[in-house]
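# Examining the three-dimensional arrangement
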Amino acid sequence: MTVHFTLDGTRKEAWPFVKDFNAWQNSEGYYYDSVIGDQEGGSFRLSTDPNDFEGSPSYDVIKVIPEYVIVVSQPIPEGAYGGKDWSIGQGGVSAGFHIVGLDQFGDKTIVTFHMEHASLVGNEGEDVTESWRPMTEEAARKWREGLIPNMKRLVAEARRNA
Amino acid sequence: MSTVAAPEISYFEAYSDVDGEEKMKARYFTYRIPEGLVAGVRMTVHFTVDGTPKEVWPFLKDFNAWQNSSGYYYSGVIGELEGKSFRLTDDADDLDGPHQYQVAKVLDEYVIVLFQPIGESNDVGGNWTIGQGGVSPGFHIVGCDEFDGRTYVTFHMEHASLMASGEAADAMTEEEATVPWEGLTMAARAKWRDGFIPTLRQLVADARRNA
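What this report covers is the structure whose coordinates are included nearby. (Residues numbered from 1 in each chain as written. Chains lettered and ligands numbered in written order. Predicted model: local features only at pLDDT ≥ 70, side-chain atom pairs only at ≥ 80, totals over all residues.)

### Quick look at the overall build of chain B
- Looking only at helices and strands, chain B features 5 helices and 10 strands.
- For chain B, whose C-alpha radius of gyration is 18 Å, the value lies close to the compact-globule estimate of 17 Å for 211 residues.
- In terms of principal-axis extent, the alpha carbons of chain B reach across some 60 × 40 × 40 Å.
- Out of the 211 residues in chain B, the part that is buried amounts to 38%. (Helix = DSSP H or I, 4+ residues; strand = E, 2+ residues; numbered from the N terminus. Rg over C-alpha atoms; globule rule 2.2 N^0.38 Å. Buried ≥ 20, exposed ≤ 12 C-beta atoms within 10 Å, placed from the backbone.)

### As for the overall build of chain A
- Helix and strand counts for chain A stand at 3 helices and 8 strands.
- Its helices and strands in sequence order give chain A the pattern β-α-α-β-β-β-β-β-β-β-α, from N to C terminus.
- For 162 residues, the compact-globule estimate of 2.2 N^0.38 gives 15 Å, and chain A sits close to it at 16 Å.
- Overall size of chain A, expressed as C-alpha extent along the three principal axes, is 55 × 30 × 25 Å.
- Contacts spanning at least 24 positions in sequence make up 49% of the contacts within chain A whose residues lie at least 6 apart. (Contact = placed C-beta atoms within 7 Å.)

### Overview of the sheet that holds strand β1 (residues 2-7) of chain A
All names here are of chain A.
- The antiparallel open sheet is built from 6 strands, whose spatial order is β1-β8-β7-β6-β5-β3. Across the chains shown, the open sheet's two edge strands, defined by having one partner strand only, are β1 and β3 (43-44).
- Where strand β6 (residues 69-74) meets strand β7 (residues 96-105), 6 bridges bridge the pair, whose relative direction is antiparallel. Note that in β7 the partner of V69 across the bridge is G101.
- Against the sheet, helix α1 (residues 11-18) touches β1, β7 and β8 (108-117), its axis set at about 155° to β7. (Pairing = 2+ DSSP bridges. Axes fitted to C-alpha atoms, helices over the stretch in contact; angles between N-to-C directions.)

### Notes on the packing of helix α1 (residues 53-60) of chain B against helix α5 (residues 182-210) of chain B
All names here are of chain B.
- At a closest axis distance of 9 Å, the pairing of α1 and α5 adopts a crossing angle of 125°. On the basis of their axis angle, the class for α1 and α5 is oblique. Judged by the sense of rotation from one axis to the other, the crossing of α1 with α5 is right-handed. Across the interface between the two elements, E55, V56, F59 and L60 of α1 pack against L200, L203, V204, A207 and R208 of α5.
- Residue composition of the contact of α1 with α5, by class: 7 nonpolar, no polar and 2 charged. (Parallel < 35°, antiparallel > 145°, perpendicular 65-115°, else oblique. Left-handed = near helix turned anticlockwise from the far one by under 90°. Nonpolar A, V, L, I, M, F, W, Y, C, P; charged D, E, K, R; others polar.)

### Here's the deal with the pairing of strand β10 (residues 150-164) of chain B
All names here are of chain B.
- The buried fraction of β10 is high, at 11 of 15 residues.
- Looking at chain direction, strand β3 (residues 36-50) and β10 are connected through 14 bridges and run antiparallel. Note on β10: the bridge partner recorded for L37 is A164.
- By the bridge criterion, 10 bridges tie strand β9 (residues 138-147) to β10 in an arrangement that is antiparallel.

### Focus on α5 of chain B
Residue and element names in this part refer to chain B.
- Along its 29 residues, α5 runs 40 Å from first to last C-alpha, staying within 8% of the 42 Å computed at 1.5 Å per residue.
- Considering bend angle alone, the principal kink of α5 is centred on W192 and spans about 50°.
- Of all the residues in α5, the buried ones are L184, T185, A188, W192, F196, L200, L203 and V204.
- On the buried face of α5, the contacting elements are β1 (10-19), β2 (22-33), β3, α1 and α2 (63-67). (Expected span 1.5 Å × (residues − 1). Bend = angle between axes of the 7 residues up to and from the residue.)

### Some details on the interface of chain A and chain B
- Chain A puts 17 residues into the contact, and the matching count from chain B is 21 residues.
- Elements with a minimum of two residues in the side of chain A that touches chain B: β1, β5 (59-65), β6, β7 and β8 of chain A.
- With 5 residues, β7 of chain A is the single largest residue contributor to the side of chain A that touches chain B.

### Here's the deal with α1 of chain B
All names here are of chain B.
- Buried within α1 we find E55, V56, F59 and L60. For α1, the buried positions fall inside an angular range of 120° around the axis, keeping them on one side.
- Tucked inside the fold, the buried residues of α1 contact β3, α2, β9, β10 and α5. (Arc of directions from axis to C-beta.)

### Things to note about the nonpolar core
- Counting 77 residues, the largest nonpolar core has V69 and V71 of chain A together with A39 and L200 of chain B as its most contacted members.
- Among the elements that take part in this core, β3 of chain B stands out by supplying 8 residues, more than any other.
- Setting aside its immediate chain neighbours within four residues, L200 of chain B contacts V49, F59, L60 and W66 of chain B. (Core = buried A, V, L, I, M, F, W, Y, C linked by C-beta atoms within 7 Å.)

### Structural notes on the sheet that holds strand β5 (residues 85-86) of chain B
All names here are of chain B.
- Ordered in space as β1-β2-β3-β10-β9-β8-β7-β5, the 8 strands form an open sheet in which the pairing is antiparallel. A strand with exactly one partner marks an edge of an open sheet, and here the two such strands are β1 and β5.
- Along the sheet, α1 contacts β3, β9 and β10; its crossing angle with β9, the most-contacted strand, is approximately 155°.
- Of the strands in this sheet, β1, β2 and β3 touch α5, which is tilted by about 25° from β3.

Here is the structure:
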């Protein structure tokens, strides 16, 4: 899943929100146990339940370059992909790899997300993409109607209050 | 548990070029660590290629295909080296030297992630010897995907080096620390604009015509 969007603000204004996925994803039901952009070398857990942060972390933060880059990798899970909320397939392979890039052109910041998720699914001849359709379609809606507008609003509010 | 505060980073814009969907940006940065004064450059390039990721990827993953004509030579096909290393040099006969880059991740037709471990020399890649080394010389991400039959390609690239240590670092201003980076940065601007991007587009266009 690839997402490109533009924020009306500098990278310095955008970064405090870009790096903190809770700030713009909680309203869409995604909860993180920490600020991802402060976790280089550490790991974090994503849950759809704000009271479910006790399980194993499922994401490793490979690299953070402030105001510029975040790289996140998901190790091979012990069970199915994604924990209790998105159990897809049998696991068995890295559950995902994700890169985030941002930079400022003029007074706007262009943000790019490239996100891959994977799991061992199905048998030969099956339509294995069906397993991923619900999560993919829901993600498309969340990004379009929630995540991107949320982040744009947060940056706009921060600029107004600066 | 104690935590170490992240160093405060200062930025100095080098250039910001926007030509339609082709965008190039570079800014120098500096920060101070106990070992001294670090400086480097972040360079971002966004551009489109007329073709699908399937058509673009065979060339995009092979930096030699579109960078040799601008004087950069690689010891392997980067998109086939996940978990391995490679050398970048400005001399086609100098490919046996130390490798400056590790390929952290390759997702075919989608993502490349490169990092540069701290080396024994101050070669940040391409025989650009800047500063004293001593920190990771770089980290780079590449993304591509198709929208409406065209492939959007994004490069985010960072290079860095320790520019001075001890009393010399105390005496060096942040602006002075960025000066040695101007040669690489301005050369890269010209290479991307006049060489790399046009060459990659030409290769994809030729392949599409001949398909």
